[in-house]
Amino acid sequence: MFNTILVPTDGSPMSDNAIRSAVEFASINHGKIVAISVAEPIPYTAFAEGVSVMPDSADYEKHVRELAQLYVQKVVDVATAGHVPCETHTALSFSPSAEILKAIDAFKCDVIFMATHGRKGWNKLFVGSQTQRVLARSKIPVMVFR
């Protein structure tokens, strides 16, 4: 039924809950894990006029790609310990939710296990949530962990 589990991770402790649950579920159901982490490019618009020092975008992107690789490796480590097959994917995008949704088809996933940061009030309204975007657009079930 749910043989291929997509596990988006941002390296947060909340993601760790989703990772552990996905691996346990995959182990019981003889499934596999696809781990994805999306590195976000440097947001140039966030810099105010008159800023004299601009970070090097190549260095920044290299750094966030390395972090994304560390995040998916954490999933591999948990999956390996649980004897669950796991493949990884990292991407660079301003829209993590779009990359997560693309991965559904690319890896033929049946279900998504992901964390939410549980924003509330105005912060939720203005900042939005990648998890909410995935929930609104996913054509497969999404298990959300808090």
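Residues numbered from 1 in each chain as written. Predicted model: local features only at pLDDT ≥ 70, side-chain atom pairs only at ≥ 80, totals over all residues. Heavy atoms only, no water.

Asker: What is the right way to read helix α1 (residues 13-29) from this model?
Answerer: Side chains of residues three or four places apart in an α-helix project in the same direction, reflecting 3.6 residues per turn. Along its 17 residues, α1 runs 25 Å from first to last C-alpha, staying within 8% of the 24 Å computed at 1.5 Å per residue. Along α1, the residues that are buried comprise Ser 15, Asp 16, Ala 18, Ile 19, Ala 22, Val 23 and Ala 26. The arc that holds every buried residue of α1, seen down its axis, measures 165 degrees, which confines them to one face. In α1, those exposed residues whose orientation departs by more than 90 degrees from the buried face are Pro 13, Glu 24 and Ile 28. Summarising the contacts, the buried residues of α1 are in contact with β1 (4-8), β2 (32-39), α2 (57-81), β4 (111-115) and β5 (142-145). Positive phi appears at His 30, one or two residues downstream of α1, with a value of about 55 degrees. (Helix = DSSP H or I, 4+ residues; strand = E, 2+ residues; numbered from the N terminus. Expected span 1.5 Å × (residues − 1). Buried < 20%, exposed > 50% of the residue type's maximum accessible area, 1.4 Å probe, protein only. Arc of directions from axis to C-beta. Contact = heavy atoms within 4.5 Å.)

Asker: Help me out: how do you make sense of the pairing of β2 in this one?
Answerer: On a regular strand, one side chain projects to one face of the sheet and the next to the other, so that they alternate. Within β2, seven of the eight residues are buried, which leaves the element mostly enclosed by the surrounding structure. In this structure, β1 lies alongside β2, joined through five bridges in parallel fashion. Note that in β2 the partner of Val 7 across the bridge is Ala 35. For the segment spanning β1, α1 and β2, crossover handedness is right-handed. (Pairing = 2+ DSSP bridges. Right-handed = clockwise from strand over helix to strand, strands pointing away.)

Asker: How do you make sense of the environment of Ser 12 when you look at a structure like this?
Answerer: With respect to the secondary-structure elements, Ser 12 resides in the loop between β1 and α1. Given the relative accessible area of 12%, Ser 12 is considered buried. Distance in space between the C-alpha atoms of Ser 12 and Tyr 71 is 8.7 Å, their sequence separation being 59 residues. Looking at Ser 12, its side chain comes within polar contact range of the side chain of Asp 10, at 2.7 Å. (Polar contact = N/O pair within 3.5 Å; in protein donor to acceptor, adjacent residues only side chain to side chain.)

Asker: I tried to follow the nonpolar core on my own but got confused; where do I start?
Answerer: In globular proteins that are soluble, nonpolar side chains generally tend to be buried together. Ile 5, Val 7, Ala 22, Val 23, Ile 33, Val 84 and Phe 113 are the most contacted members of the largest nonpolar core, which totals 16 residues. Contributing elements (two or more residues each) for this core: β1, α1, β2, α2 and β4. In this structure, Val 23 is in contact with Ile 33, Val 78, Ala 79, Gly 82 and Val 84, ignoring residues within four places of it in sequence. In this structure, Val 34, Val 38, Cys 109 and Val 134 belong to the second largest nonpolar core, which totals 14 residues. (Core = buried A, V, L, I, M, F, W, Y, C linked by side-chain atoms within 4.5 Å.)

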